[in-house]
Amino acid sequence: MARHRTLCIVAATVACALLPAAAASACAGSRSRPSPASLDRAGYFDGASSWALGETIAWGSGGRATPASIVRSWLRSPGHRAILLDGRYHDLGVGIALGAPGRGDGATFTGDFGARG
């Protein structure tokens, strides 16, 4: 549920001008935390003359471990914001693990972005 909500928030945030393909498919589901090896095995790079990958990561506890709070924190960080708003990316996946670094409570979120040309 939280993964789905995070995908929808990210897609809604950037859908208007930047990620129409991601917006159309993100809420239907997507890969979570793909590795380059798993993307290669799945054929993601087949026939691609170029490709781009980006990843965001954030963690929080309590009210800061919600999908909305995590996406807000990504948008407030210049580096994370650049990845979210990079118009090259057309594929989007979100991974969520319970727990935060150094803490037992909370959650850690990743956003994985990709494009192939």
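For the structure, check the block above.
First, a word on what this report is: a plain description of the structure on this page. (Residues numbered from 1 in each chain as written. Predicted model: local features only at pLDDT ≥ 70, side-chain atom pairs only at ≥ 80, totals over all residues. Heavy atoms only, no water.)

## Here's the deal with the environment of glycine 87
The residue glycine 87 is located in the loop between α5 (78-84) and β2 (91-100) in this model. In this structure the C-alpha to C-alpha distance between glycine 87 and alanine 115, which are 28 residues apart in sequence, comes to 9.6 Å. (Helix = DSSP H or I, 4+ residues; strand = E, 2+ residues; numbered from the N terminus.)

## Description of the nonpolar core
Counting residues in each nonpolar core, the largest one holds 18 residues, and the members touching the most others are Val10, Trp74, Tyr89 and Phe113. When contributions to this core are tallied by element, the ones reaching two or more residues are α1 (2-14), β1 (51-60), α4 (67-76), α5, β2 and β3 (103-116). Element by element, the count of residues in this core is highest for β3, at four residues. (Core = buried A, V, L, I, M, F, W, Y, C linked by side-chain atoms within 4.5 Å. Buried < 20%, exposed > 50% of the residue type's maximum accessible area, 1.4 Å probe, protein only.)

## Here we look at the environment of serine 49
Summarising the element assignment, serine 49 is placed in the loop between α3 (36-41) and β1. A sequence separation of 68 residues divides serine 49 from glycine 117, and the C-alpha atoms of the two residues are 5.6 Å apart.

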